[in-house]
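Chain by chain, the residues:
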Amino acid sequence: MTPDELKYLVRTVPDFPAPGILFRDITTLISHGAGFSACIDHLAHRAKASGAEAIAGMEARGFIFGAAVAARMGLGFIPVRKPGKLPVPTIGIDYALEYGRDRLEIDPTAIQNDQRVVIVDDLIATGGTALAATELLRNAGAAVSHALFVIDLPDLHGAARLRDAGLTVDALMAFPGH
């Protein structure tokens with residue numbers, strides 16, 4: 001299936017989580033066997049072209065796509081976790097959200113110095129979480145130059161923010177609005 005065909009597998013839910021928002025729900029994509037497999041193939045092809053040596057994904061939906069891409073490529077997966085989820089010493093980063101703050105953590109021993117790590121996630125909106133994950137991975141010694149997404153919401157300018165931070169950004173599909 002092409003990315004254009006995959007786009008039809010993404011359900012749009014109006015007025016969630018607030019009035020005026022068009023939520024792009026990937027449940028219908030990941031529950032479609034052939035579509036999910038094709039999606040992972042497209043992402044893996046792009047990750048391979050970037051020279052990925054490991055894949056990182058942010059909790060929670062980034063785990064779905066990132067781990068599948070890593071497995072398809074025979075690479076390791078680095079989970080970027082919410083705070084307090086790892087049983088070993090971690091490094092973390094606090095970052096701003098639209099309405100507050102959050103934190104991400106990783107096990108720094110999961111990364112080799114200068115390892116080429118590609119970030120994979122379901123959706124790029126404002127880019128705050130992906131920017132924080134990039135900084136955290138770089139602080140751990142990773143060389144992060146690429147971020148791959150299933151969906152881009154270009155009207156929210158997240159991909160542009162990532163490009164400004166020195167990342168090559170690619171998405172399989174884009175939807176207008178927010």
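Up top you'll find the structure we're talking about.
Since we're looking at a predicted model, the values are computed, not measured. (Residues numbered from 1 in each chain as written. Predicted model: local features only at pLDDT ≥ 70, side-chain atom pairs only at ≥ 80, totals over all residues. Heavy atoms only, no water.)

1. A closer look at the pattern of salt bridges
Rules: Throughout this description, the term salt bridge denotes a Lys or Arg side-chain nitrogen within 4 Å of a carboxyl oxygen of Asp or Glu. Numbering of helices and strands runs from the N terminus, with a helix taken as a DSSP run of H or I at least four residues long and a strand as a DSSP run of E at least two residues long. Exposed residues in this analysis have more than 50% of their type's maximum accessible area, buried residues have under 20%, and partly exposed residues fall in between, with area computed by a 1.4 Å probe over protein chains only.
One pass over the full model with this rule turns up 8 salt bridges. Arg 72 is the partner of Asp 41 in a salt bridge, and the nearest nitrogen-oxygen pair spans 2.1 Å. One end of the pair, Asp 41, is in helix H3 (residues 33–49); the other, Arg 72, is in helix H4 (residues 61–73), and 31 residues separate them in sequence. You can call Arg 72 partly exposed: its relative accessible area is 43%. One salt bridge connects Arg 103 with Asp 94, and the closest N-O pair in it is separated by 3.3 Å. Of the residues examined, Asp 94 reaches a relative accessible area of 43% and is grouped as partly exposed.

2. A short note on the pairing of strand E7 (residues 116–124)
So the rule is basically this: Whether two strands pair depends on DSSP finding at least two bridges between them.
When you tally the buried positions in E7, you get 7 out of 9 residues, the bulk of the element. Bridging between strand E3 (residues 54–58) and E7 involves 3 bridges; their strand directions are parallel. Along E7, the bridge assignment pairs Ile 55 with Val 118. Pairing analysis gives 8 bridges linking E7 to strand E8 (residues 143–152), with the strands arranged parallel. Residue Val 120 lies in a different strand from E8, and its bridge partner there is Leu 148.

3. Concerning the packing of aromatic side chains
Here is the rule: Pairing of aromatic side chains here covers Phe, Tyr and the six-membered ring of Trp, requires ring centres within 6.5 Å, and sorts the geometry by plane angle: under 30 degrees stacked, over 60 edge-to-face, intermediate tilted. Criterion for a charge above a ring: Arg CZ or Lys NZ at most 6 Å from the ring centre, at most 35 degrees from the ring normal.
For the coordinates displayed, the defined rule picks out 3 aromatic pairs. A ring pair is formed by Phe 16 and Phe 23, whose centres lie 5.2 Å apart and whose planes are at 90 degrees; its orientation type is edge-to-face. Relative to Phe 65, the ring of Phe 36 lies with its centre 5.8 Å away and its plane at 75 degrees, an arrangement referred to as edge-to-face. Taken together, the residues Phe 36 in helix H3 and Phe 65 in helix H4 connect sequence positions 29 residues apart. Judged by relative accessible area, which is 0%, Phe 65 ranks as buried. Cation over ring: Lys 7 sits above Phe 175, and NZ or CZ is 4.8 Å from the ring centre.

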